[in-house]
Amino acid sequence: MKLFVDTGNVKEIEALASLGILDGVTTNPSLMARESGDYRQILKQICQIVKGPVSGEVVATDTAGMIREGREIAAIDEHMVVKVPFTKQGVEACRTLASEGTRVNVTLIFSATQAWLAAKVGASYVSPFVGRLDDIGTTGMTLIREIVDIFDNFEYATEVLVASVRHPIHVVEAARMGADVVTCPPAVIEQCFKHPLTDIGLEKFLKDWEKAQGVKA
Ligand code: G3P
């Protein structure tokens, strides 16, 4: 399963990229609004750091506007993926952009039928939001299982990109269900690294080693 980071912050991306664990990046208008500077420059910089798929989202809501913005985003760098919201206009824009060879990530997916329709128009990725489904008292991960099954049944090339990830259990479940990609906020990636027994174990190894050196001296 590929790991993307869900942030527009260059410093956070640099820190994770240097560990060698990052396959790509996803951004959205809320995340980009937190960063200062021209968003195109930021996306360009991110592409140079990660050299993998980087999703940049359109803010237009009409088909022509999404296509225009999508072309601009795609022109930033060869690694750019154009993110469009799942609306009828978004589906139409996805079809046009995909037919031009642009990779499209259809976002704000909350049902299996939405994912299926996006796959039909050539989306490279669909982004189901599991955390936001959990927030309204449903089980977000059930949607991932449904989409993976449907895409497997019909051999759609569209990748399932699990988004709105809130904790490492989402990551584990996504991997077990065979999702193609999980995009995590940096805090969740940090949690994936951590285990108190690792810290305690390392401390004990080092203490025992130090003690033995003192005895030998
Ligand atoms: O980038 C889309 C998605 O991951 C947003 O997550 O936490 O705002 O629901 P969240």
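No experiment lies behind these values; they were computed from the predicted model shown.

Draft legend 1. A look at the pairing of strand 5 (residues 104-109). The buried fraction of strand 5 is high, at five of six residues. Here strand 4 (residues 80-85) pairs with strand 5 via four bridges, running parallel. Within strand 5, the residue paired with valine 82 across the bridge is valine 104. The sheet contact formed by strand 5 and strand 6 (residues 125-128) spans three bridges and is parallel. When the bridges of strand 6 are listed, isoleucine 109 appears paired with proline 128. As a crossover connection, the stretch from strand 5 through helix 6 (residues 112-120) into strand 6 is right-handed.

Draft legend 2. A look at the packing of helix 4 (residues 63-76) against helix 5 (residues 88-99). Where helix 4 contacts helix 5, the two axes come as close as 8 Å, and the packing angle between them is 45°. By the angle class used here, helix 4 and helix 5 are oblique. Relative to helix 5, the crossing made by helix 4 is right-handed. In contact with Thr63, Met66, Ile67, Gly70 and Arg71 of helix 4, helix 5 contributes Gln89, Gly90, Glu92, Ala93, Thr96 and Leu97.

Draft legend 3. Region of interest: the site of the ligand. In the vicinity of the ligand, the contacting residues are Asp6, Asn28, Lys83, Phe129, Arg132, Ala163, Ser164 and Arg166. In the model, an oxygen atom of the ligand is placed 3.0 Å from a nitrogen or oxygen of the asparagine 28 side chain. In the environment of the ligand, an oxygen atom lies 2.6 Å from a nitrogen or oxygen atom belonging to the side chain of arginine 132. Protein chains shield 83% of the accessible area of the ligand, which is 310 Å² for the free molecule. Here the shell around the ligand is composed, by residue class, of two nonpolar, two polar and four charged.

Draft legend 4. Quick look at the nonpolar core. Within the largest apolar cluster, 57 residues are counted, with the highest numbers of intra-cluster contacts made by Val106, Ile144 and Ile147. Counting residues per element, this core draws most heavily on helix 8 (residues 140-154), at six residues. When neighbours within four sequence positions are excluded, valine 106 is seen to be in contact with Val84, Pro85, Phe86, Cys94, Ala118, Ala123, Tyr125, Val126 and Ser127. Core analysis: the next-biggest nonpolar cluster, separate from the first, contains seven residues, Phe4, Val81, Tyr125 and Phe129 among them.

Draft legend 5. Local environment of the packing of aromatic side chains. One pass over the full model with this rule turns up four aromatic pairs. With a centroid separation of 6.1 Å and an interplanar angle of 65°, the aromatic rings of phenylalanine 4 and tyrosine 125 are classed as edge-to-face. Here the residue phenylalanine 4 occupies a position in strand 1 (residues 2-6), and tyrosine 125 occupies one in strand 6, the gap between them amounting to 121 residues. Relative accessible area serves as the criterion here: at 1%, phenylalanine 4 is assigned to the buried category. In textbook terms, an aromatic cluster arises when at least three aromatic residues are bridged by ring pairs, as seen for Phe151, Phe154 and Tyr156.

Procedures and definitions
Residues numbered from 1 in each chain as written. Predicted model: local features only at pLDDT ≥ 70, side-chain atom pairs only at ≥ 80, totals over all residues. Heavy atoms only, no water. Buried < 20%, exposed > 50% of the residue type's maximum accessible area, 1.4 Å probe, protein only. Helix = DSSP H or I, 4+ residues; strand = E, 2+ residues; numbered from the N terminus. Pairing = 2+ DSSP bridges. Right-handed = clockwise from strand over helix to strand, strands pointing away. Axes fitted to C-alpha atoms, helices over the stretch in contact; angles between N-to-C directions. Parallel < 35°, antiparallel > 145°, perpendicular 65-115°, else oblique. Left-handed = near helix turned anticlockwise from the far one by under 90°. Contact = heavy atoms within 4.5 Å. Near = heavy atom within 4 Å. Polar contact = N/O pair within 3.5 Å; in protein donor to acceptor, adjacent residues only side chain to side chain. Areas by Shrake-Rupley, 256 points an atom, 1.4 Å probe, with all protein chains shown as cover. Nonpolar A, V, L, I, M, F, W, Y, C, P; charged D, E, K, R; others polar. Core = buried A, V, L, I, M, F, W, Y, C linked by side-chain atoms within 4.5 Å. Phe/Tyr/Trp six-rings, centres within 6.5 Å; stacked < 30°, edge-to-face > 60°.

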